[in-house]
Amino acid sequence: MSSNNKNVLVTGITGFIGSHIAVKLLNSGYSVRGTMRNLERKESILKTISACTENFDRLEFAKGELTNPEDWNVAMEGMDYVMHVASPLPFDLKKGADDIIIPAREGTLNVLKAANKHNIKRVVLTSSVAAIGHGHKSKVRTFTEEDWTILNGGNDTPPYVQSKTIAETEAWKFINQTDVQIELAVINPGYVFGPLLEKDFSDSGEIIRKLLAGEIPGLPKINFPLVDVRDVADMHLLALETRDAAGNRFICVNESGSYQYIAKTLKETFPEYGKKIKTFVLPDFFIRFYSLLDKDTRVITTELGIERSYDNTKAKQMFNWKPRTNKEAIIRMGETMIKFGVV
């Protein structure tokens, strides 16, 4: 990569958030090295990103297996900054707790150790509101960056929630060691919607896919902290470039939106799918019963009866961050799912 550019390593570039961050960086004048577990995906992700930027000549790739320290020592060479986005998939129910928690923790520490060894200036870590608002006794509460998920929270702290909490906790512990010189800023997104760049999308986007496909017979009474993926990418860049962001975590959500709001927005916007999209809310007891038959529903039952909201004041004040509306994020994800044949 050219020494005239600032060079950024983006881990997990093939993911929904990672690819958007790469596009944002390239369009902002940075050179990007993206990591992936399997370099066989190199050509497809290059094609995807090339469609979104004229600066694809400043993009290259490296292998990055979370649990392999040597991958990160190689990938880190010549870099100035790191966006650590890669993490095990949140809702892969075939995996046990250790299959999600161990690579999330070890991967974060491997990346940070390599970054410190190679004198990286700043690492921006993609965490989640899952590391903030779970395991608390209160059913209705607004959370800030001062809050942390309580890991012994029972059903409210499934493996993915634990993995994000443990990985971020270990990151801060590592950074606070006396012999560590790199800076750290952490972004904590909610459910990420917004435009797809290819067929791959966030696990939270499965909500929209299933609604459009008519796979949800009725709606649970659940609210989600929503955010557009483009606003997530924007905040990562702001956290990289803003001096005072170092040493801070930032809640990255817009307003919460309900299942019913999402369904009604899709039904109004895509009338050709209207007959498939259910907009009526089912009682909690029915959702719990249905979860015995549907593994995807099982994942969300812990949210029933809980109203979590997240205060994004810190990001708005420090970055002047102005997120897009939930409606736009929902519509753009629906449009691109149709465009790429996901539904």
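That block above? That's the structure.
The rules behind each value
Residues numbered from 1 in each chain as written. Predicted model: local features only at pLDDT ≥ 70, side-chain atom pairs only at ≥ 80, totals over all residues. Heavy atoms only, no water. Helix = DSSP H or I, 4+ residues; strand = E, 2+ residues; numbered from the N terminus. Rg over C-alpha atoms; globule rule 2.2 N^0.38 Å. Contact = heavy atoms within 4.5 Å. Areas by Shrake-Rupley, 256 points an atom, 1.4 Å probe, with all protein chains shown as cover. Pairing = 2+ DSSP bridges. Axes fitted to C-alpha atoms, helices over the stretch in contact; angles between N-to-C directions. Phe/Tyr/Trp six-rings, centres within 6.5 Å; stacked < 30°, edge-to-face > 60°. Buried < 20%, exposed > 50% of the residue type's maximum accessible area, 1.4 Å probe, protein only. Lys NZ or Arg CZ within 6 Å of the ring centre and 35° of its normal. Salt bridge = Lys/Arg side-chain N within 4 Å of Asp/Glu carboxyl O. Arc of directions from axis to C-beta.

### Brief notes about the overall build of the protein chain
In terms of regular secondary structure, the protein chain is built from twelve helices and twelve strands. For a compact globule of 343 residues, the expected C-alpha radius of gyration is about 20 Å, and the protein chain comes in at 20 Å, within 12% of that figure. Seen through its C-alpha atoms, the protein chain measures out along the principal axes to roughly 55 × 45 × 40 Å. Of all intrachain contacts in the protein chain linking residues separated by at least 6 positions in sequence, the fraction that spans at least 24 positions is 78%. Taken as a whole, the protein chain presents about 15400 Å² of accessible surface, with 49% of it coming from carbon and sulfur.

### Some remarks on the sheet that holds strand β10 (residues 249-252)
Spatially, the seven strands line up as an open sheet ordered β3-β2-β1-β4-β5-β7-β10, and their pairing is parallel. Two strands lie at the open edges of the sheet, namely β3 (59-63) and β10, each paired on one side alone. Ignoring strand direction, the axes of neighbouring strands in this sheet form an average angle of 20 degrees. Running at roughly 170 degrees to strand β1 (residues 7-11), helix α1 (residues 16-27) makes contact with β1, β2 (31-36), β3 and β4 (81-84) of the sheet. The strands that helix α2 (residues 42-50) touches are β2 and β3; relative to β3, the one it contacts most, it runs at about 150 degrees.

### Quick notes on the packing of aromatic side chains
Enumeration according to the criterion identifies five aromatic pairs in this entry. Here Phe224 and Tyr259 contribute two aromatic rings whose centre-to-centre distance is 5.0 Å and whose plane-to-plane angle is 65 degrees, an arrangement assigned as edge-to-face. One end of the pair, Phe224, is in strand β9 (residues 223-228); the other, Tyr259, is in helix α8 (residues 259-269), and 35 residues separate them in sequence. Across the pair, Tyr259 and Phe224 agree in class, each one buried. Its guanidinium or amino end placed over the ring of Trp148, Arg249 lies 3.6 Å from that ring's centre, counting from NZ or CZ. When the ring centre of Phe250 is taken as reference, the NZ or CZ atom of Lys314 above it lies at 5.2 Å.

### Some points on the pattern of salt bridges
A pair can form between side chains of opposite charge whenever their charged atoms are brought close. Tallied over the entire structure, the rule returns 21 salt bridges. Between Glu206 and Arg209 there is a salt bridge; the shortest N-O distance is 2.8 Å. Of this pair, Glu206 and Arg209 both sit in helix α6 (residues 206-212), three residues apart, roughly one helical turn. What makes Arg209 buried here is its relative accessible area of 15%. Ionic pairing is found between Arg324 and Asp234, a salt bridge with its closest N-O pair at 3.8 Å.

### Overview of unusual backbone geometry
Even without a glycine there, the phi angle at Asn119 is positive, about 60 degrees. Along the polypeptide, Asn119 turns up in the loop between α4 (97-117) and β5 (122-126). Located in the positive-phi region is Asn320, a residue other than glycine, with phi close to 55 degrees. Secondary-structure assignment places Asn320 in the loop between α11 (313-319) and α12 (326-339). When its relative accessible area of 52% is taken as the criterion, Asn320 is described as exposed.

### A word on the environment of Gly18
Here Gly18 shows up in helix α1. Those residues in contact with Gly18, other than ones at most four positions away along the chain, are Val10, Gly12, Ile13 and Val85.

### Topic: the sheet that holds strand β8 (residues 191-193)
In spatial order, the strands read β8-β9-β11; together these three strands make up an open sheet with mixed pairing. Of all the strands in the sheet, the pair left with one neighbour each is β8 and β11 (256-258). Ignoring strand direction, the axes of neighbouring strands in this sheet form an average angle of 50 degrees. Strand direction decides the pairing type here: β8 and β9, joined by three bridges, are parallel. Across the sheet, Val192 pairs through a bridge with Val227, a residue of β9.

### Things to note about α8
Among all positions in α8, only Tyr259, Ile262, Ala263, Thr265 and Leu266 are buried. Along the axis of α8, the buried residues cluster in a sector spanning 160 degrees; they form a single face. Where α8 is buried, its residues touch β8, α6, β9, β11, α10 (295-300) and α12.

### Quick look at the pairing of β5
Of all the five residues making up β5, five are buried; the element is thus mostly covered by neighbouring parts of the structure. Bridging between β4 and β5 involves four bridges; their strand directions are parallel. Residue Val82 lies in a different strand from β5, and its bridge partner there is Val123. Where β5 and strand β7 (residues 183-189) come together, five bridges link them in parallel fashion. Across the sheet, residue Val123 finds its bridge partner in β7, namely Leu184.

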